[in-house]
Amino acid sequence: MISPRSKEAGRSRSHEIFRRATDVLVGGVNSPVRAFRAVGGEPIVVDRAAGARLWDADGNEYIDYVCSWGALILGHAHPKIVQAITEQARRGTSYGMPTELEVELALRIRKALPSCEKVRFVSSGTEATMSAVRLARAATGRDLIIKFEGCYHGHSDSFLSEAGSGLATLGIAACPGVPKALAELTLNAPYNDAAAAEKLFDLHRNKIAALIVEPVAANMGVVSPKPGFLQALRDLCTRNGALLIFDEVITGFRMCYGGAQTLFGITPDLTTLGKIIGGGLPVAAYGGRRDLMDRVAPLGPVYQAGTLSGNPLAMSAGIASFDLLAAPGFYESLEVRAKRFGEGIVAALGETGAPATAVRAGSLLTLFFSREPVTDYAGAKKCDTRRFAEFFRAMLDRGIFLAPSQFEALFVSAAHTDAEIDHTLAAFCESLATTS
Ligand SMILES: *Cc1c(COP(=O)(O)O)cnc(C)c1O
């Protein structure tokens, strides 16, 4: 039995900091997914972290399954990454000029993802997807894009309709401030429904610049692509002269040393990366066919730039990460751990009879509070979010930190030990029992 902590008693310092935060920061946070709006209460205010553990400002310890929203596949403060950043910091933190580090990281990306013949580094996934779409529009001379309901591609104007992640959590179907004229250029289809995408192509013949998709959706909770779905999208794009963009900001280097494109054997025209490739520092990238990428400035007129792009601290963190990820057996052992976790959750569901379904894709996991399998956004939205909130709080009280939303993934990292996973599973059983 893991004795739950007395609820708010042990979080007084967090509470005091958060009170000051709400006065000066919007909602007390710098990214809405960090607020506990959907689960009630206040966010934990983090003091430090190491491996799979986080400590809040009151010194409470948590096993962390957010892992900076998936960026930390190696866990917090990995000594090799800390060393790389520290050494680089002594040599300067930003130059605004090229470094060899950028070449090194780009070469590692290209080797793992041959579809990325050329790469451009940016500082966030939002910038990567926004720039990839600009490039697709420029290359095709067309304006429309197709995306899928419940997928999240960052917060740029074109992607904020029927989007997953924080918009799903807050129930924002269409974001005010996006010009109507621009919103009309984004068409939505249900995830896993290639026929719906085909209809959009038929309806808007020769007008679709690109189709963008999370090859494994992880921003409405984890939803795997049905067999044949991604291939059908590839074929549709090829047939219609549109570009296929795989948004691998989460899936890149998550399930294998490469992307979902490596696993499923599909070659997109453009790929966006983020999260893991920066080893916990702000880096993202877009890349693709040479003839497409060569349209980007300075070689071509498609303008895109960034003061801190290819930042040397972030590049060194990325390189250090890649060297660890490339070690033989890294993904195999992560899979063993994630599988054990996934099977434990299924057993806990069986034991407690809780009305929920677990979905796992490698080290990405979601517990949907729905008895029916979730294959798209409509299905995800049917989940009992009140029950999720109760479960989330029961877990938090037992020292397990999950993403504070039904519509997010749990991220297992290489730093999570078997003992930590077993402890988490015990908490799962108890929390499910208290919430069903
Ligand atoms: C996180 C995410 C983004 C946005 O990345 P930011 O760095 O938060 O701007 C884009 N696409 C996917 C699939 C993501 O998960």
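Residues numbered from 1 in each chain as written. Predicted model: local features only at pLDDT ≥ 70, side-chain atom pairs only at ≥ 80, totals over all residues. Heavy atoms only, no water.

K.L.:
Give me the pattern of salt bridges: which residues, what numbers.
P.N.:
One pass over the structure, following the stated rule, counts 24 salt bridges. Note that arginine 108 is salt-bridged to glutamate 104, the shortest N-O span being 2.8 Å. With a gap of 4 residues between them, arginine 108 and glutamate 104 both fall in helix α3 (residues 100-112), about one helical turn apart. By relative accessible area, which is 28% here, glutamate 104 ends up partly exposed. The salt bridge partner of aspartate 269 is arginine 234, with a shortest N-O separation of 3.0 Å. You can see aspartate 269 sitting in the loop between α9 (260-264) and β9 (270-273) and its partner arginine 234 sitting in helix α8 (residues 229-240), a full 35 residues away along the chain. This pair shows no difference in class: aspartate 269 is buried, exactly as arginine 234 is. Each of Arg13, Glu16, Arg19 and Arg20 takes part in a single network of salt bridges with overlapping partners. (Salt bridge = Lys/Arg side-chain N within 4 Å of Asp/Glu carboxyl O. Helix = DSSP H or I, 4+ residues; strand = E, 2+ residues; numbered from the N terminus. Buried < 20%, exposed > 50% of the residue type's maximum accessible area, 1.4 Å probe, protein only.)

K.L.:
How would you sum up the site of the ligand? Please name residues and give values.
P.N.:
Close to the ligand lie Ser124, Gly125, Thr126, Tyr152, His153, Gly154, Glu214, Asn219, Asp247, Val249, Ile250 and Lys275, which account for all nearby residues. Taking glycine 125, its main chain carries an N or O atom lying 2.8 Å from an oxygen atom of the ligand. Contact between the ligand and tyrosine 152: a nitrogen atom at 3.2 Å from a main-chain N or O atom of the residue. Relative to its unbound accessible area of 380 Å², the ligand is 82% covered by the protein chains. Looking at side-chain class alone, the shell around the ligand contains 3 nonpolar, 6 polar and 3 charged residues. (Near = heavy atom within 4 Å. Polar contact = N/O pair within 3.5 Å; in protein donor to acceptor, adjacent residues only side chain to side chain. Areas by Shrake-Rupley, 256 points an atom, 1.4 Å probe, with all protein chains shown as cover. Nonpolar A, V, L, I, M, F, W, Y, C, P; charged D, E, K, R; others polar.)

K.L.:
Give me the domain arrangement of the chain: which residues, what numbers.
P.N.:
Once the domains are mapped, the chain shows domain 1 (12-64 + 328-435) and domain 2 (79-325). Taking the mean C-alpha position of each, domain 1 and domain 2 sit 25 Å from one another. Taken together, the 29 residues of domain 1 in the interface contact 28 residues of domain 2. Buried surface at the junction of domain 1 and domain 2, both sides included, amounts to about 2,200 Å², of which 64% is carbon and sulfur. (Domains from an automatic or database assignment. Contact = heavy atoms within 4.5 Å. Buried area = accessible area lost by both parts, 1.4 Å probe.)

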